[in-house]
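An overview of the molecular structure
Spelled out from the first residue to the last, the chains are:
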Amino acid sequence: MSSSDKETTIVAFCCIYCAYAAADLAGSMRLQYPSNVRIIRTPCTGRLEVEYFLRAFENGADGVLVAGCEEGSCHFKEGNLIAKRRVNYARKLLAESGLEAERLKMVNVSAAGARLFTGHVREMAETVQRLGPSPLNRAKTRVQQEIKP
Amino acid sequence: MHSAEPEKATEKATELMKMSVARARLLSPLTGTSFAVDQTGLVIGGGVSGMTAALALAGQGFKVHLVEKSDRLGGRALDLRYTLEHEDISPFVAGIVKEAEEHPNIIFHLGADVTNVAGFIGQFKVSLFQDGTDSEVSCGAIIVATGAAPAATGEYLRGKDQGVITQLELEQRLQKGDFAPGRRNVVMIQCVGSRNEERPYCSRICCSMSVKNALKIKKLDPSAGVYVLYRDIRTYGFREKYYKQAREAGVIFIRYEPDAPPLVSQDNGLVVSVKSPDFPEPVEIETDCVVLSTGVDAAGDNRRVADMLKVPINADGFFVEAHLKLRPVEFATEGIFLCGLAHSPKHMDENISQARAAASRASTVLSKAYLEVGAQVSQVDQSKCISCMTCTKVCPYGAPTVNADHKAEIIAAKCMGCGICAAECPACAIQLNHFESRQFKDMLDELFRSGKEERRPAVVPEKSGVL
Amino acid sequence: MIVAERKSIPELLDMLPNDSKILVLGCGTCVTVCLAGGEREVSIISSALRIASKARGLGYEVSELTIERQCDNVFIEQAIEAIEKVDVVLSLGCGAGVQAIAERFLKKPVYAGLNTKFLGILEERGVWTEKCSQCGSCVLHEYGGICPVTRCAKHLLNGPCGGSREDRCEVRPDRPCAWQLIYHRLKNIGQLERLEKIEPPKQWSASLSGGPRVIIREDHRI
Ligand code: SF4
Ligand code: SF4
Ligand code: SF4
Ligand code: SF4
Ligand code: SF4
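Residues numbered from 1 in each chain as written. Chains lettered and ligands numbered in written order. Predicted model: local features only at pLDDT ≥ 70, side-chain atom pairs only at ≥ 80, totals over all residues. Heavy atoms only, no water.

One can read the domain layout of chain C as domain 1 (2–118) and domain 2 (133–201). Using only C-alpha atoms to locate each centre, domain 1 of chain C and domain 2 of chain C end up separated by 38 Å. (Domains from an automatic or database assignment.)

What follows is the structure, given as structure tokens:
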């Protein structure tokens, strides 16, 4: 996608055991939710490295959702709790680096939580709308405009 | 999906496809390894579920260790006297105990506590503490059938008035014949200590139990007044028949709402008053016998057992299966199975079916002389490992260990493939097969790569998935 | 083990010159173990710097490298090429590592990305505690293996200050009173009589107070 025609992009890291299934279910239920979300499948939110969250933003994501199982029902016992602390660490780094921490959020959904999942995506889309596109993208657009003859 | 915005939906599909292609460039074949299986089972818990499971395995020719904490087989079934169908339960329990005791393939460990579980599917080492001594047994699969406990309550003057008893006590008295029902009112209160803040779940057995005891009383003496104060009657399945019978026999069912529970007072003899949404006025019943349908509590020891086995329990303290529908009698931790009240409150027939199911799943492990381990496991790049031991601390399954070179090594059979260690290792020395860091990073790069930017050259994975 | 902690991103931004090429250089030994300066941390800090640079238009060009040990020339060799390509090095090694790099590259600014904290151990997941302050003449044998120089907030060598409350130190209530620990430990190993001995004032000249220290092993010199 070239940055000119792009609106905003939300990356959602979804655990196979819950959120990914919920997203699937949302599809079969024909639930409508923001189409600018891009889902990346993970065997467990505990697999996700702090770097992935940062890299998504570095590359131009406007919001990142990390969706794991409900607390206490992680397929791998505590992967979602570990993910939560990594997300919190990444949020701190984002804030230190000049990006709003709210752009990154950890949510918990069960495999049956299709509506909950779409609700979380919608909420993130609203957050992104309220905050505007990522300042990284704005800066890029500005530079590109300057370069243009 | 996104039917209102077809262009955007297509754009989404294209991008997801691009990302997947980026990842696919980095995929490598997965190959597992195999190891010998100890074809012996171990069942924790000597109640009806545990014995049923042990017998099912023993009957297929497997040796089974049956570990029971108390010094008696039978578990909770020993407290029960008859079933809803009015069969006497003790001969059944005695029969199954005898059958188990006489089975040459079952090795009993009565009065024994499980103190440690090491190893993994096919090769568990379970430490037992029995009569003041420690011992160790090996097995290839473990079935958890640790049961549950009756929930105690102090509500409704329980413990303060002789006339307030539990369904279990009523049942025992009815069977012994020292409960004279003649010309008296018996008031049963449902959902005592269930479906509340403390125990949000339905204990499932109490409705049938009260119907069972109410029918028994009515049978002994139709003139007895039996009142059941309930929130919802959950005599599910064919048990509904007995609910109908009870109504026909003249048992009076009165609904109450959770925010207006019945009141039991003892100022002028026992009086139960209840405000039912179905009656305009509150109802008062004079009685000398209030029977509380107390629920089922998770066994207090579950947390300890769960930690040892590295399996999850829910907020209510019951064990949680890997998947409600797809893997209902096993845990995510391979080689460990589940049945009976340890899983959730339910009736004996359901426990028995579940125990048989658990045994048949366990026999899929025990029937193999060798097992293949899944290839979606994590591996340590020994040249990058700095022996910080972070992975040994974060892994929920104790899969990483220190090898003879003082480096971390992940035991494939123990690894469940969550990738927690891979994301935590400060030296980036661990990769989870099929979900490698580069694959995630390339997907993220591809998603945001503008058409003009060069795609990074596809790198041939340096290491294949072969162990 | 050397324990260090990352500096905050704003601190790093203050330190690093705008419009420059920066190498974030990790160290694969002590600071990797304490989760402050290994390959993962290098990648995290670099990513954060790129985000900050893009968000604020700072013009950084960030590259990453982690070597085995920054305090050894053999390993520093492996970083020469990468260092020569950049304007500044942000070292995630301990203080010794940063200086070793700086000494080796005379014209290259080398900055410390970490605060080197102390010599300690991992107490539990995510918690490191200080154990030794390198006083230069170890007296651990007198105190049952618990260092009063480091772990007693007042560095008392002859018994507790009397301020300890419920086993906690009065100066740092989040830490146990070292003297309580020493007492229990000596009791356990049956050496309580050691407490009767009066320890003379410590020779602080062997410590950092005597100026920067050097160790010379004649047997290892040519
Ligand atoms: S976390 Fe990484 S570096 Fe540390 S012991 Fe495990 S594999 Fe080795
Ligand atoms: S992926 Fe790592 S943390 Fe997860 S089970 Fe395997 S070894 Fe343990
Ligand atoms: S520079 Fe040397 S002493 Fe410092 S952290 Fe690295 S290996 Fe350890
Ligand atoms: S006495 Fe000195 S050298 Fe010994 S542990 Fe304490 S500070 Fe370190
Ligand atoms: S309370 Fe204990 S540790 Fe703290 S200063 Fe006093 S003696 Fe030292």
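Next comes the rest of the description.
In this section: the environment of Pro400(B). All names here are of chain B. Tracing the backbone shows Pro400 in strand E22 (residues 400–402). Separated by 15 residues in the primary sequence, Pro400 and Cys415 have C-alpha atoms spaced 8.0 Å apart. With residues up to four places along the chain from it excluded, the contact list for Pro400 reads Cys391, Thr392, Cys395, Glu409 and Ile410. (Helix = DSSP H or I, 4+ residues; strand = E, 2+ residues; numbered from the N terminus. Contact = heavy atoms within 4.5 Å.)

Residues and elements named next belong to chain A. The N-to-C vectors of helix H2 (residues 50–59) and helix H3 (residues 79–97) enclose an angle of 40°; their axes lie 9 Å apart at closest approach. By the angle between their axes, H2 is oblique relative to H3. Judged by the sense of rotation from one axis to the other, the crossing of H2 with H3 is right-handed. Facing Val50, Phe53, Leu54 and Phe57 of H2, the residues of H3 in contact are Arg86, Val87, Tyr89, Ala90, Leu93 and Leu94. (Axes fitted to C-alpha atoms, helices over the stretch in contact; angles between N-to-C directions. Parallel < 35°, antiparallel > 145°, perpendicular 65-115°, else oblique. Left-handed = near helix turned anticlockwise from the far one by under 90°.)

Glancing now at the pattern of salt bridges. Any two side chains of opposite charge can pair if their charged atoms end up close together. This model, assessed by the stated rule, comprises 48 salt bridges over all chains. Ionic pairing is found between Asp278(B) and Arg255(B), a salt bridge with its closest N-O pair at 3.0 Å. Highlighted residues: Asp278(B) in the loop between strand E15 (270–274) and strand E16 (283–287) and Arg255(B) in strand E13 (residues 252–255), separated in sequence by 23 residues. Given a relative accessible area of 28%, Arg255(B) falls into the partly exposed group. Between Arg50(C) and Glu64(C) there is a salt bridge; the shortest N-O distance is 2.9 Å. In this pair, Arg50(C) is assigned in helix H3 (residues 39–56) and Glu64(C) in strand E3 (residues 61–67), connecting sequence segments 14 residues apart. In this structure, a network of salt bridges that share partners links the residues Arg47(A), Glu49(A), Glu51(A) and Arg40(C). (Salt bridge = Lys/Arg side-chain N within 4 Å of Asp/Glu carboxyl O. Buried < 20%, exposed > 50% of the residue type's maximum accessible area, 1.4 Å probe, protein only.)

Once that is clear, we can look at the side chain of Gln439(B). Residues and elements named next belong to chain B. Note that Gln439 resides in helix H11 (residues 437–448). A polar contact of 3.2 Å, which involves the side chain of Gln439, links it to the backbone oxygen of Leu26. Apart from residues lying up to four places away in sequence, Gln439 is in contact with Arg23, Leu26, Leu27 and His434. (Polar contact = N/O pair within 3.5 Å; in protein donor to acceptor, adjacent residues only side chain to side chain.)

At the interface, 48 residues of chain B touch 45 residues of chain A. Of the roughly 3800 Å² buried between chain B and chain A, counting both surfaces, carbon and sulfur atoms make up 56%. Residue Arg85(A) pairs with Glu424(B) through a salt bridge whose shortest N-O separation is 3.0 Å. Linking chain B with chain A are 14 residue pairs in polar contact (both at pLDDT 80 or more), by the criterion used here. Elements with a contribution of two residues or more to the side of chain B that touches chain A: helix H1 (6–24), helix H10 (420–424), strand E24 (430–432) and H11 of chain B. Class assignment for the residues of the side of chain B that touches chain A results in 24 nonpolar, eight polar and 16 charged. (Buried area = accessible area lost by both parts, 1.4 Å probe. Nonpolar A, V, L, I, M, F, W, Y, C, P; charged D, E, K, R; others polar.)

Once that is clear, we can look at the packing of aromatic side chains. Summed over the entire model, instances satisfying the criterion amount to 12 aromatic pairs over all chains. On the numbers, 5.8 Å between centres and 75° between planes, the contact of Phe13(A) with Phe53(A) is edge-to-face. Of this pair, Phe13(A) sits in strand E1 (residues 10–15) while Phe53(A) sits in helix H2, and the two are 40 residues apart along the sequence. Look at Phe435(B) and Phe440(B): their rings are 6.3 Å apart centre to centre, the planes differ by 35°, and that puts the pair in the tilted class. Taken together, the aromatic side chains of Tyr17(A), Phe76(A) and Tyr397(B) make up a single cluster linked through ring pairs. The positively charged end of Arg184(B) is found above the aromatic ring belonging to Phe179(B), 4.4 Å away from the centroid. (Phe/Tyr/Trp six-rings, centres within 6.5 Å; stacked < 30°, edge-to-face > 60°. Lys NZ or Arg CZ within 6 Å of the ring centre and 35° of its normal.)

A separate point is the site of ligand 3. Close contacts around ligand 3 come from Ile2(C), Cys27(C), Thr29(C), Cys30(C), Val31(C), Arg69(C), Gln70(C), Cys71(C), Cys94(C) and Gly97(C), and that covers them all. The residue makeup of the shell around ligand 3, split by class, is six nonpolar, three polar and one charged. (Near = heavy atom within 4 Å.)

Bringing the nonpolar core into the picture now. Residues and elements named next belong to chain B. If you look at the biggest cluster of nonpolar residues, it comprises 65 residues, and the most contacted ones within it are Leu57, Ile143 and Ile430. Of all the secondary structure elements, the ones that give two or more residues to this core are helix H2 (48–59), strand E3 (63–68), helix H3 (90–102), strand E8 (141–144), helix H8 (348–366), helix H9 (390–394), strand E23 (408–410) and H10. By residue number, the principal contributor to this core is H8, which donates eight residues. No fewer than three residues from each of domain 1 (35–149 + 297–371) and domain 3 (373–451) sit in this core. (Core = buried A, V, L, I, M, F, W, Y, C linked by side-chain atoms within 4.5 Å.)

A few words now on the site of ligand 2. Surrounding ligand 2, one finds 14 residues, the nearest of these being Cys395(B), Cys415(B), Cys418(B), Gly419(B) and Cys421(B). Taken together, the residues of the shell around ligand 2 break down into 11 nonpolar, three polar and no charged.

Time to look at unusual backbone geometry. Residues and elements named next belong to chain B. Even without glycine at this site, Asp131 takes up a positive phi of about 50°. Take Asp131: it is sitting in the loop between strand E6 (123–130) and strand E7 (133–139). We note that Leu157 has phi near 60°; this positive angle belongs to a residue other than glycine. One can find Leu157 in the loop between strand E9 (148–150) and strand E10 (164–166). Taking relative accessible area as the criterion, Leu157 reaches 18% and is therefore assigned buried.

Residues lying three or four places apart along an α-helix face the same way, a consequence of the helix completing one turn every 3.6 residues. Residue and element names in this part refer to chain C. Every buried residue belonging to helix H8 (residues 178–188) is among Ala178, Trp179, Ile182 and Leu186, and all of these are buried. Projected down its long axis, H8 carries its buried residues within an arc of 95°, all on one side. Taken together, the buried residues of H8 touch helix H7 (148–151). Where H8 ends, the next residue or the one after it, Gly190, has phi of about 65°, a positive value. (Arc of directions from axis to C-beta.)

Turning our eyes to something else, we now look at the packing of H2(A) against H11(B). Close contact between H2(A) and H11(B) brings their axes to 9 Å; oriented N to C, the two are set at 15°. Judged by the angle between their axes, H2(A) and H11(B) are roughly parallel. Helix-helix and strand crossings are classified by hand; for H2(A) and H11(B) the assignment is right-handed. Counted together, Glu51(A), Tyr52(A), Arg55(A), Ala56(A) and Asn59(A) of H2(A) and Ser437(B), Phe440(B), Lys441(B), Leu444(B), Asp445(B) and Phe448(B) of H11(B) form the full contact between these two elements. Its residues assigned to classes, the contact of H2(A) with H11(B) comprises five nonpolar, two polar and four charged.

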